[in-house]
Amino acid sequence: MTAPLIELSRIERVFHLGDSQVHALQSIDLCIAAGEYVAVMGPSGSGKSTLLNLIGLLDRPDSGSYRLAGRDVTTLSADEQARVRSERIGFVFQSFHLVPRLTAAENIALPMVLAGIPPAQRGERVRQALRDYGLENRADHRPDQLSGGQRQRVAIARATIMQPALVLADEPTGNLDRTTGEEVMRLLEELNRGGVTLIVVTHDGALGARARRQLLMADGSLQQDRPRSGGTRSETCALPT
Amino acid sequence: MRAADLIRFARDAATGNPLRTGLLVLAMAIGVAAVVVLTALADGARRYVLNQFSAIGSNLVIVLPGRSQTGGFNPGNAITSTPRDLTIDDAQALRRASAVHRVAPLAVGTSEISVGGRLREVMVAGTTADFIAVRRLTLAQGRFLPPGDWRRGASEAVIGARIRDELFGRDEALGQLVRVGDRRFRIVGVLAATGQGLGMNTDELVIVPVALAQAMFNSNTLFRILVEANSREAIAPAKAQVSEIIRLRHEGEEDVTVITQDAVLATFDRLLGTLTVAVAGIAAISLAVAGILVMNVMLVSVTQRTAEIGLLKALGATRATIRNAFLTEAAMLSLAGALLGFALGHAAATVIRQLYPAFPAQPPDWAVLAGVATALVTGLAFGVLPARRAALLDPVQSLARR
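Each value, and the rule that gives it
- Residues numbered from 1 in each chain as written.
- Chains lettered and ligands numbered in written order.
- Predicted model: local features only at pLDDT ≥ 70, side-chain atom pairs only at ≥ 80, totals over all residues.
- Contact = placed C-beta atoms within 7 Å.
- Helix = DSSP H or I, 4+ residues; strand = E, 2+ residues; numbered from the N terminus.
- Nonpolar A, V, L, I, M, F, W, Y, C, P; charged D, E, K, R; others polar.
- Pairing = 2+ DSSP bridges.
- Axes fitted to C-alpha atoms, helices over the stretch in contact; angles between N-to-C directions.
- Parallel < 35°, antiparallel > 145°, perpendicular 65-115°, else oblique.
- Left-handed = near helix turned anticlockwise from the far one by under 90°.
- Core = buried A, V, L, I, M, F, W, Y, C linked by C-beta atoms within 7 Å.
- Buried ≥ 20, exposed ≤ 12 C-beta atoms within 10 Å, placed from the backbone.

## Notes on the interface of chain B and chain A
Here is step 1: Counting residues at the interface gives 21 residues for chain B, matched by 22 residues for chain A.
Here is step 2: Among the secondary structure elements, those contributing two or more residues to the side of chain B that touches chain A are α1 (3–15), α9 (306–314), α10 (319–355) and α12 (395–400) of chain B.
Here is step 3: In terms of residue count, α9 of chain B provides more of the side of chain B that touches chain A than any other element does, six residues in total.
Here is step 4: Class assignment for the residues of the side of chain B that touches chain A results in 10 nonpolar, four polar and seven charged.

Right, dumping it as structure tokens:
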């Protein structure tokens, strides 16, 4: 039995919109083991992106605790959380979020630049990543000279260049056509097969069905937590009572 | 983030928006150039005035007969009644003072000069060989009065450039005999044209040995004794020694006035130095304006790049990294502006110097340093607020922005 990578217990997240309060997340209890492939599904506004941001340490819960790899990360300072993001978490966004003035290679190298890794080491890893994602001929192209699929490949290369344990993808195929979307999903699933924990947020049922575990969200709470047909859900952690 | 990466990142961010960057650098450059040019003009004016004063000789201590409190040259000094004459012996005695380098007595009067039927009124200066060195005059032709006994002197004269032109035209002046008053002199030298100098225009001067001048004007007293101190530092001791020597020679009575060129110079120096500082201050306002512009532009830049900042945070950038990136960008823009302004200002000052060679429009080093430093400091100071704002942006909301 693998140790849990992510343990969420009684997570609450409330947004204040003027006078009214919106419960984006309500008493979420969730446990994800290392190496899992999880799809978070639900209608828009159900809180799935908020959950992903929270897991990615971009957002803080109003109450509840979040343990990442056994360490309570809710109490960390903003800069400590930034370090955790740098070392452990890779993000893939729907709209790619590439820096337009930087080339593909520079975009891929960005997390290493921010982490202060020496240039010599960076160059080698970027070359490897470009080869892995079939972008050798696109290294010096800027994002506006790349196709959508190429852009998302650059984004995935960037998300994995620091060899994170966890990759979070928010609607990674939302801006892509079916074929390139399929290709991007294949790349992400390949990462998962390599041992990376993958969490994909999507409202596409077909896409979600590819994951080994599906979380269904509605109105800020977990409605359903089911393994893919036939499989048994491994109880990786006993939720605290 | 490594320093080199930080600089490269800031540079790329700056060049990513050339119009914004260009305008900002230009604003900063104009501010710095304004400081450089305005202080160049003000300091040029100061030095121009000082040069004019220095033209009468440097490290000068001047002895006037009669007691007066006047701090500078005053036409009144020329007609004050003198209780005791200032004599050639007094002047010779001053040569013994340790702080004194050269001494030139000066007896002045007006007379007529005539040659070959041409006649004109001239100012006659009776002095000795050191006069030319003390007053920093140069000769165009011939030689100056020879050194020798101050109480005698050959009937030789040195004339100013204008006198030469008027009396001799194109003819050779050296060696000619002229009549000055009731005496005949042989011209041995012609002064170079200067056209400047306070009080006395050397172009219209006839210089003869002091003893002959006194005889010509039938007087024993000197108009002035010009004393050159050993150095700038020696001016004060020279002044004290000169006063003391004259006082002893005049039976303990202080009946001469000793003034230093320094006192006059210092006043002008202070006055115009203050003007330079004031002008620099006014110019610095433009730098403050440029600083506010830096802040505005950086704030707009933060707003425009909100999504990028959110991304950098998601990729693991700490607040310090984001802040440093924006501060570095502000500093680079300010530095580029300061350097451009420095170059522009110096170019403008050079053009002014070319157009008006007599006017030393050279910006003082302190003003240039202060201008560049102020540009950097304002750029950084006004960059802090935008950088802080960027660092504190919420990553989730930033990422949601397109």
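## Notes on the sheet that holds strand β2 (residues 20–33) of chain A
Residue and element names in this part refer to chain A.
Here is step 1: On the basis of which strands lie adjacent, the open sheet formed by four strands has the order β2-β1-β4-β5 and antiparallel pairing. Lying at the two open borders of the sheet, with one neighbouring strand each, are β2 and β5 (71–72).
Here is step 2: Examined bridge by bridge, strand β1 (residues 4–17) and β2 share 10 bridges and lie antiparallel to one another. In the strand pairing of β2, R13 is matched with L25.

## Concerning the packing of helix α5 (residues 148–160) of chain A against helix α6 (residues 178–193) of chain A
All names here are of chain A.
Here is step 1: Two elements in contact, α5 and α6, have axes whose closest approach is 9 Å; the angle formed by their N-to-C orientations is 15 degrees. As the angle between them shows, α5 and α6 are arranged roughly parallel. Two packed elements cross with a definite hand, and for α5 against α6 that hand is right-handed. Contact residues: α5 offers G148, G149, Q152, R153, I156 and T160, while α6 offers T180, E183, V184, L187, L188 and L191.
Here is step 2: Here the contact of α5 with α6 is composed, by residue class, of five nonpolar, five polar and two charged.

## Some details on the nonpolar core
Here is step 1: V40 and V167 of chain A together with M28, V32 and V35 of chain B are the most contacted members of the largest nonpolar core, which totals 131 residues.
Here is step 2: The residues contacting V35 of chain B, other than those within four sequence positions of it, are A280, A283, A284, L287, A367 and G371 of chain B.

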